[in-house]
Amino acid sequence: MELTKLTLREADEALKERKISSKELTEAHLLRIAEKDKQLGAYLTLTAELALEQAEKADQRRKNEEVCWLTGVPAAIKDIISTKNVRTTAGSKILEDYTPVYSATAYQRLEDVTTVLLGKTNLDEFAMGASTENSALGKTVNPWDLERVPGGSSGGSAAAVAADLATFALGTDTGGSIRQPASFCNVVGLKPTYGRVSRYGVIAMASSLDQVGPIAKTVEDAALVLNIIAGHDKYDSTSAKKELPDFTKFLGGKVKGMKIGVPKEFFGKGLQAEVKTTVEGALAKLEELGASLIDVSLPTTKEAVAVYYLIMPSEVSANLARYDGIRFGKTRENFGAEVKRRIMLGTYALSAGYYDAYYLKAAKVRRVLFNELQEVFKRVDVIAGPTSPVLPFKFGEKTADPLSMYLADIYTVTANLAGIPAISVPAGFAKGLPVGLQLQANHWEEGKLLKVAHAFEQATGFSKEKPKL
Amino acid sequence: MMSTKLTKQEVEKVVQLANLELTEAEIEKFTSQLSEVINYNVTELAQVNTEKIAPITNITGLKNVLRTDEAAPGLTQDEALANAKQTHNGFFKVKGILG
């Protein structure tokens, strides 16, 4: 049994049947990290000692009590999610030596069931970027092609899962930062409904958009992680008091008769031909499985990027005012270029004389977009399309022109602006590079996403493909 | 429509408002990059009619969230100060603000 290849479900079964111990599973991952991560750069901080302690505790718990499927399973956590007494940098020089005194709720819930923390993964500085190139602390490469970016901002988390350097990972998604790297690395990435998972202890980027979610090897694994991290938290008043289903209950059902909306705006200008062909193939597969494809229109898709790049930087400029060099972190000259750019954009958009034309106008168009989606969801169960308009690109290809990088967010920002859940699931390969299929559903309907994504995954098996390292 | 080409003076003012320190070269670069992004954003948004549309700030329909005001233990003073750059008698120590 190759321990690092196991999915979360398989690892749990093997642990349950005493075929393996968490200690063995953890050691196997630490060994693989030692062998491969020099090349990949997925991790910023390794917590080997803590991991082995947790593994031992997990083995004890597995022996003595009824435990959870995550107990003893090794995970990677994006380094913007606070972990008590473990350095949390946000990929920034400003927090290079910052060690939080408390844990984010999402991580705390994993720790409560003795999930094993292997380490903290690389990201674009403060999660601002789509390639992980904006990290001030390291370079992460795409396991499928070492000359290409892993996507971002959760690039380290996606690369770690793709390369079997963790059984699963947590990421955060403000404008696509879970889904796009998942798509680039051939893994599953789920951004839950805004408010489904607590944001407490997640270093804030844009508070009306940020959401924590799983990056996993399979759709089932993503559901298993969501089951634990989701739910109301008294420390985050925007986390919702919604009834929590067992998300694995949605798996395995037939998609026959389900209505899948295909927005024509998701297949227009800017979409790479190879991505288009691959995603069309995925849609044909869904139709073959008995779902009906329905043409829909989201006319404001094109403007979504403009809304996003006003709302997000405005919130960024407020959130990052706290790094004043007094309470924690270093002084503000330690911010990287992209962070400064976004703080400037936001400060400008909110400044006297411009607020109405920029921020307020964007907040109005955000409602237009929201209304369009609500209309579409009256007719369909989920919306399908590509996750990213482009294949994983080469290092430096887009860094000189921020606007071209921003425009690559076109299919993902809508879900954040509207607060709806979305998932990226492996949909095949073009030129040897992974392509992701994105599904979006209405608020609180993660179940529908998981159901369709799971049926697609079972019928195709693309998530089983592994990069050669 | 208002001009969306930022002047260097405007950028310098934003730098000050944002409490950033930028080099001349950075200011130069940001002046053109910010102009490009703002210009793109405004041109796109102008195409959407929002005459009778109210801005949206809450996307999941959450209403005011209230709780009873009960005291509970939080971080100790030592814990809260653990990452402070400078402390003095259990306080954050900062540079003088009023000159």
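Residues numbered from 1 in each chain as written. Chains lettered and ligands numbered in written order. Predicted model: local features only at pLDDT ≥ 70, side-chain atom pairs only at ≥ 80, totals over all residues. Heavy atoms only, no water.

- Taking an unreviewed UniProt entry as the reference, chain A is identified by name as Glutamyl-tRNA(Gln) amidotransferase subunit A.
- For the record of chain A, the UniProt heading Catalytic activity (unreviewed entry) holds the text "L-glutamyl-tRNA(Gln) + L-glutamine + ATP + H2O = L-glutaminyl-tRNA(Gln) + L-glutamate + ADP + phosphate + H(+)".
- Quoted verbatim from the Subunit (unreviewed entry) heading of the UniProt record, the comment on chain A is "Heterotrimer of A, B and C subunits." (UniProt positions renumbered as here; feature names shortened; annotations may be inferred.)

Describing the overall build of chain A
So, point 1. The helix and strand tally for chain A stands at 14 helices and 11 strands.
So, point 2. Scaling as 2.2 N^0.38, a compact globule of 469 residues should have a C-alpha radius of gyration of about 23 Å, and chain A matches this with 20 Å.
So, point 3. In terms of its C-alpha atoms, chain A occupies a principal-axis envelope of roughly 60 × 60 × 45 Å.
So, point 4. A total of 469 residues make up chain A; the buried ones form 67% of that total.
So, point 5. Sequence separation of at least 24 residues holds for 78% of the intrachain contacts in chain A that already meet a minimum separation of 6.
So, point 6. Only carbon and sulfur atoms are counted for the fraction: they give 49% of the accessible area of chain A, which is about 15300 Å². (Helix = DSSP H or I, 4+ residues; strand = E, 2+ residues; numbered from the N terminus. Rg over C-alpha atoms; globule rule 2.2 N^0.38 Å. Buried < 20%, exposed > 50% of the residue type's maximum accessible area, 1.4 Å probe, protein only. Contact = heavy atoms within 4.5 Å. Areas by Shrake-Rupley, 256 points an atom, 1.4 Å probe, with all protein chains shown as cover.)

Describing the sheet that holds strand β2 (residues 74–78) of chain A
Residues and elements named next belong to chain A.
So, point 1. Strand order across the open sheet formed by 11 strands is β1-β3-β2-β4-β6-β5-β10-β11-β9-β7-β8, with mixed pairing between neighbours. Either end of the sheet is taken by a strand with one partner, and the two such strands are β1 (43–46) and β8 (292–296). For this sheet, the mean inter-axis angle between neighbouring strands, taken without regard to orientation, is 30°.
So, point 2. Where helix α3 (residues 48–64) meets the sheet, it contacts β1 and β3 (116–121), and its direction lies at approximately 155° from that of β3.
So, point 3. On the sheet, helix α4 (residues 105–112) packs against β2, β3, β4 (168–173) and β6 (211–216) and is oriented at approximately 165° with respect to β4. (Pairing = 2+ DSSP bridges. Axes fitted to C-alpha atoms, helices over the stretch in contact; angles between N-to-C directions.)

Thoughts on the UniProt feature "domain: Amidase" (unreviewed entry) in chain A
So, point 1. The feature "domain: Amidase" (unreviewed entry), as annotated in UniProt, sits at residues 24–450 of chain A in this numbering.
So, point 2. End C-alpha to end C-alpha, residues 24–450 of chain A measures 31 Å, and it is 36% helix and 15% strand.

Quick look at the nonpolar core
Within soluble globular proteins, side chains that are nonpolar tend to cluster in buried spots.
So, point 1. F126, L170 and L437 of chain A are the most contacted members of the largest nonpolar core, which totals 149 residues.
So, point 2. Every residue in contact with F126 of chain A, bar those within four places of it in the chain, is listed here: I80, A90, S92, I94, L95, I203, M205, L320, Y323, F335 and V339 of chain A. (Core = buried A, V, L, I, M, F, W, Y, C linked by side-chain atoms within 4.5 Å.)

Side note on the packing of helix α7 (residues 219–229) of chain A against helix α14 (residues 446–460) of chain A
Residue and element names in this part refer to chain A.
So, point 1. Packing of α7 against α14 leaves a shortest axis separation of 9 Å and a crossing angle of 155°. Classed by the angle they form, the pair α7 and α14 counts as roughly antiparallel. Residues V219, E220, A223 and L226 of α7 lie in contact with α14, whose contacting residues are E446, L450, A453, H454 and E457.
So, point 2. Looking at the contact of α7 with α14, its residues break down into five nonpolar, one polar and three charged. (Parallel < 35°, antiparallel > 145°, perpendicular 65-115°, else oblique. Nonpolar A, V, L, I, M, F, W, Y, C, P; charged D, E, K, R; others polar.)

As for the interface of chain B and chain A
You'll often see interface size given as the accessible area lost when the parts meet.
So, point 1. The interface of chain B with chain A comprises 44 residues on the first partner and 58 residues on the second.
So, point 2. Where chain B abuts chain A, roughly 4800 Å² becomes buried across the two surfaces, and 69% of that area is made up of carbon and sulfur atoms.
So, point 3. The three residues of chain B that bury the most area against chain A are L45, I56 and I59 of chain B, which together make up 15% of that side's buried surface.
So, point 4. The interface formed by chain B and chain A contains three salt bridges.
So, point 5. K340 of chain A is the salt-bridge partner of E26 of chain B, the closest N and O atoms lying 2.8 Å from each other.
So, point 6. Taken together, the links from chain B to chain A amount to 14 residue pairs in polar contact (both at pLDDT 80 or more).
So, point 7. The set of elements that each furnish at least two residues to the side of chain B that touches chain A consists of α1 (8–17) and α2 (24–46) of chain B.
So, point 8. The biggest single contributor to the side of chain B that touches chain A is α2 of chain B, with 13 residues.
So, point 9. Looking at side-chain class alone, the side of chain B that touches chain A contains 30 nonpolar, eight polar and six charged residues. (Buried area = accessible area lost by both parts, 1.4 Å probe. Salt bridge = Lys/Arg side-chain N within 4 Å of Asp/Glu carboxyl O. Polar contact = N/O pair within 3.5 Å; in protein donor to acceptor, adjacent residues only side chain to side chain.)

Considerations on the environment of F92 of chain B
So, point 1. Its place among the elements puts F92 of chain B in strand β2 (residues 91–92).
So, point 2. Placed 25 residues apart in sequence, F92 of chain B and R67 of chain B show a C-alpha to C-alpha distance of 30 Å.
So, point 3. F92 of chain B has contacts with I326 and R327 of chain A together with A80, L81, A84 and Q86 of chain B, leaving out every residue within four places of it along the chain.

Quick look at the environment of R62 of chain A
Residues and elements named next belong to chain A.
So, point 1. Examined against the element boundaries, R62 turns out to sit in helix α3.
So, point 2. Setting aside anything within four residues of it in sequence, one finds R62 in contact with D12, L15, K16, R18, V67, C68, W69 and T71.
So, point 3. Of the polar contacts made by the side chain of R62, one reaches the side chain of D12; its length is 2.9 Å.
So, point 4. Within the local environment of R62, its side chain forms a polar contact with the backbone oxygen of T71, the two atoms lying 2.8 Å apart.

Observations regarding the pattern of salt bridges
Any two side chains of opposite charge can pair, on the condition that their charged atoms come close.
So, point 1. What the rule picks out here adds up to 31 salt bridges over all chains.
So, point 2. Its salt-bridge partner being D12 of chain A, residue R9 of chain A comes within 3.9 Å of it at the nearest N-O pair. Taken together, the positions of R9 of chain A and D12 of chain A, both in helix α1 (residues 8–16) and three residues apart, correspond to about one turn of that helix.
So, point 3. A residue is classified by how much of its surface remains accessible, and R9 of chain A, at 25% relative accessible area, is partly exposed.
So, point 4. The salt bridge involving K8 of chain B is made with E12 of chain B; its shortest N-O contact spans 4.0 Å. Here the residue K8 of chain B and the residue E12 of chain B both occupy positions in helix α1, the gap between them amounting to four residues, near one helical turn.

Details of the UniProt feature "active site" (unreviewed entry) in chain A
Residue and element names in this part refer to chain A.
So, point 1. In the numbering used here, UniProt assigns the feature "active site" (unreviewed entry) to K78, S153 and S177. Sequence-wise these annotated residues cover 100 residues; spatially they are packed, their C-alpha atoms never more than 10.9 Å apart.
So, point 2. Within the secondary structure, K78 sits in strand β2.
So, point 3. Other than its neighbours up to four places away in sequence, K78 contacts K120, T121, L123, A127, S153, S154, S157, L170, G171, T172 and S177.
So, point 4. Not counting residues within four places of it along the chain, the set of residues in contact with S177 comprises K78, A127, G129, G152, S153, S154 and T172.
So, point 5. Within polar-contact distance, the side chain of S177 engages the side chain of S153 at 2.8 Å.

Structural notes on α7 of chain A
Residues and elements named next belong to chain A.
So, point 1. Counting buried positions along α7 yields 10 of 11 residues, so the element is predominantly enclosed.
So, point 2. Listed in full, the buried residues belonging to α7 are V219, D221, A222, A223, L224, V225, L226, N227, I228 and I229.
So, point 3. Looking one or two residues beyond α7, the residue adopting positive phi is G231, at roughly 125°.

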